[in-house]
Amino acid sequence: MIEFSEVHKAYPDGTVALQSLSLTAREGEITVLVGPSGCGKTTTLRTVNRMVDPSSGTVRLDGVDVSTQDPPTLRRGIGYVIQNAGLFPHRTVLDNVATVPVLLGRSRAQARRQAGELLERVGLDLRVGGRYPAQLSGGQQQRVGVARALAGDAPVLLMDEPFSAVDPVVRADLQDELLRLQSELGRTILFVTHDIDEAIRLGDMVAVLRVGGTLAQFAPPSELLAAPVDDFVAEFVGRDRGYRRLQFVGAGSLSLKTLPTSKDSTPIGGDGWLLVVDDDGRPTGWRQGSEHVALGTVHAEGGSLRSALDAALSSPAGRGVAVDDDGRLLGGIEPEAVITLLHTARASSPEAVR
Ligand SMILES: Nc1ncnc2c1ncn2[C@@H]1O[C@H](COP(=O)(O)OP(=O)(O)OP(=O)(O)O)[C@@H](O)[C@H]1O
């Protein structure tokens with residue numbers, strides 16, 4: 001757990017980066033700091049590993065005031081990932097990842113073995129271990145950065161815009177990977193980004209800061225979308241928040257319709273659409289007369305209402321396809337059913353679908 005209590009930071013030139021920040025990043029959760037450029041996100045992060053010391057106020061790590069700790073020792077217990085990965089250019093990938101275990105006293109052989117396991121864990125082929133950072137793509141370098149931060153077995157990870165320098169597709173992969181790793185490892189992560197979508201995707205809790213270093217709102221992503229406290233947060237959270245909010249509403253009780261499939265051979269309804277399914281009952285596409293159309297987005301069981309609505313709206317047949325964990329057809333989703341479920345959910349729990 002990381003607790004910031006009335007943390008104030010004025011740099012020597014008089015710039016006030018943080019006013020009086022108080023918030024707690026809970027253990028085992030991802031807490032995201034987000035806000036416009038210059039609002040003090042990096043400063044906040046760096047007060048944890050004492051790269052910056054507050055002018056006043058306290059930062060506690062698991063109850064211990066970090067100002068009482070020797071910075072090198074403190075930093076060995078904290079993983080740190082920055083934009084462009086910050087890898088040592090003249091060390092191989094494997095040695096980059098093995099750096100902290102060696103500092104912690106492990107033998108070189110043990111450290112390299114652990115580094116190899118971590119490379120696999122972050123989705124990298126072991127063959128990249130012998131290369132130098134410059135011989136990797138941006139996305140691969142970021143993965144190495146994450147592996148290196150995990151290598152110290154540190155319970156706390158500080159991540160400062162770790163995925164900002166890569167293209168959106170790679171970035172989405174890295175975000176997925178981080179969420180997967182976190183579900184296995186349960187570290188306490190403080191994550192800085194200027195991208196609200198990234199904050200909403202990754203954060204268990206999101207702190208929105210405004211320039212001048214004050215906390216505008218500290219809330220779970222769904223609450224941020226549903227109830228921004230003021231115009232600044234509403235604007236920062238951005239457009240389509242009603243629709244984006246649907247990603248936090250479960251689609252469990254959505255009523256599904258029977259879809260005409262290629263097994264029935266007769267389309268039900270007047271538009272002639274048939275869902276083509278294989279012998280195992282997995283949808284593979286749509287057919288209308290002799291025309292074949294790609295399946296498009298499907299809604300997987302357990303997904304959100306946003307995924308259900310997206311499946312319904314993007315289907316060429318006007319009805320979405322819901323599948324189970326094995327990709328087998330469960331039924332069809334009509335857009336109206338999504339709206340009906342939203343009405344029902346709002347009536348029974350207005351807070352949940354505000
Ligand atoms: N060493 C320093 N000396 C003086 N001012 C500084 C120093 N480091 C940061 N600042 C200032 O403190 C404020 C907060 O900076 P910080 O880097 O924490 O913001 P940020 O939210 O991380 O910004 P960005 O999103 O642009 O990285 C800014 O006005 C910045 O110019």
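Here the residue numbers are simple positions, counted from 1 along each chain's written sequence. The predicted origin of the model limits local features to residues at a pLDDT of at least 70 and limits the giving and counting of side-chain atom pairs to 80 or more, whereas totals for whole chains, interfaces and linings rest on all residues.

Participant: Outline the environment of Gln19, listing residues and values.
Facilitator: Secondary structure follows DSSP: runs of H or I at least 4 residues long count as helices, runs of E at least 2 residues long count as strands, and numbering of each begins at the N terminus. Within the secondary structure layout, Gln19 lies in strand β2 (residues 16–25). Residues are treated as contacting if the C-beta atoms built from their backbones sit within 7 Å of each other. When sequence neighbours within four positions are dropped, the list of residues in contact with Gln19 reads His8, Gly212, Gly213 and Thr214.

Participant: So what about the domain arrangement of the protein chain? Which residues, and what values?
Facilitator: These domain boundaries are the output of an automatic or database domain assignment. For the protein chain, the assigned domains read domain 1 (2–238) and domain 2 (273–347). Each of domain 1 and domain 2 was reduced to a C-alpha centroid, and the two centroids are 37 Å apart.

Participant: Now, about the site of the ligand: what can you tell me, with residues and values included?
Facilitator: For the ligand, the set of nearby residues contains 13 residues, the closest of which are Tyr11, Ala17, Ser37, Thr42 and Thr43. In terms of residues, the shell around the ligand owes the most to one element, helix α1 (residues 41–48), which gives three residues. Each residue gets one of three labels, nonpolar for Ala, Val, Leu, Ile, Met, Phe, Trp, Tyr, Cys and Pro, charged for Asp, Glu, Lys and Arg, and polar for the others, Gly among them. Taken together, the residues of the shell around the ligand break down into three nonpolar, eight polar and two charged. Using a C-beta atom placed from the backbone for every residue, we mark a residue as near a molecule or strand if that atom lies within 6 Å of it.

Participant: Would you mind going over the nonpolar core in detail, with residue names and values included?
Facilitator: Ranked by internal contacts, the top residues of the largest apolar core, which has 65 residues, are Val32, Val97, Ala147, Leu190 and Val206. Here this core gets six residues from one element, more than from any other, and that element is helix α5 (residues 138–151). With residues up to four places along the chain from it excluded, the contact list for Val32 reads Phe191, Thr193, Ala199, Leu202, Gly203, Val206 and Ala207. As used throughout, a nonpolar core is a set of buried Ala, Val, Leu, Ile, Met, Phe, Trp, Tyr and Cys residues joined through C-beta atoms within 7 Å of each other. As a rule, residues whose C-beta atom has 12 or fewer other C-beta atoms within 10 Å are exposed, those with 20 or more are buried, and those in between are partly exposed; C-beta atoms are placed from the backbone. Ranked by size, the runner-up nonpolar core spans 24 residues in total, among them Leu246, Val321, Val323 and Leu341.

Participant: So what's going on with the environment of Leu124? Residues and values would help.
Facilitator: By secondary structure assignment, the location of Leu124 is in the loop between α4 (108–121) and α5. Judged by C-beta crowding, with 21 C-beta atoms within 10 Å, Leu124 ranks as buried. Discounting residues that sit within four places of it in the chain, Leu124 has contacts with Leu119, Gln140, Arg143 and Val144.

Participant: Tell me about the sheet that holds strand β4 (residues 56–61), and please be specific about residues and values.
Facilitator: Pairing in this open sheet of four strands is antiparallel, and the strands run β2-β1-β4-β5 from one edge to the other. Two strands close off the open sheet at either side, each with one partner strand: β2 and β5 (64–65). The pairing criterion is simple: DSSP has to find at least two bridges between the two strands. Examined bridge by bridge, strand β1 (residues 2–10) and β4 share five bridges and lie antiparallel to one another. The residue bridging Glu3 from the neighbouring strand is Arg60, located in β4.

Participant: Tell me what's going on with the pairing of strand β11 (residues 273–277), and back it up with residues and numbers.
Facilitator: Taken residue by residue, a regular strand's side chains alternate between the two faces of the sheet. When β11 meets strand β12 (residues 283–288), the two strands line up antiparallel, connected through five bridges. In the sheet register, Val276 faces β12, and the bridge partner there is Gly285.

Participant: Describe the packing of α5 against helix α6 (residues 168–185), and please don't skip the residues or the numbers.
Facilitator: In this analysis an axis means a line fitted to C-alpha atoms, helices contributing only their contacting stretch, and an angle means the value between N-to-C directions, from 0 to 180 degrees. Relative orientation of the contacting elements α5 and α6 amounts to 20°, with a least axis distance of 10 Å. Between α5 and α6, the crossing angle belongs to the class labelled roughly parallel. The crossing of α5 and α6 is right-handed. The segment α5 lies against α6, with Gly138, Gly139, Gln142, Arg143 and Val146 engaging Val170, Asp173, Leu174 and Leu178. For the contact of α5 with α6, the per-class residue count stands at four nonpolar, three polar and two charged. Under this scheme an angle from 65 to 115 degrees is roughly perpendicular, one under 35 degrees roughly parallel, and one over 145 degrees roughly antiparallel; angles in between are oblique. Left-handed describes a crossing in which the near helix is turned anticlockwise from the far one by less than a right angle; the clockwise case is right-handed.

Participant: How would you explain the packing of helix α3 (residues 93–103) against α4 if you had to name every residue and give the values?
Facilitator: Following both chains from N to C, one finds α3 and α4 inclined at 125°, their axes separated by 8 Å at the closest point. Our classification of the angle between α3 and α4 gives oblique. Here α3 and α4 pass one another in a crossing that is right-handed. Taking contact as the criterion, the partners of Leu94, Val97, Ala98, Pro101 and Val102 in α3 are, on α4, Arg108, Gln110, Ala111, Arg112, Gln114, Ala115, Gly116, Leu118 and Leu119. Split into classes, the residues belonging to the contact of α3 with α4 amount to nine nonpolar, three polar and two charged.

Participant: Now, about unusual backbone geometry: what can you tell me, with residues and values included?
Facilitator: What is expected of a backbone is that most residues other than glycine have negative phi and most peptide bonds are trans. Even without being a glycine, Glu6 presents a positive backbone phi close to 45°. The phi dihedral of Arg50 falls on the positive side, at around 65°, and the residue is not glycine. Tracing the sequence through the fold places Arg50 in the loop between α1 and β4.

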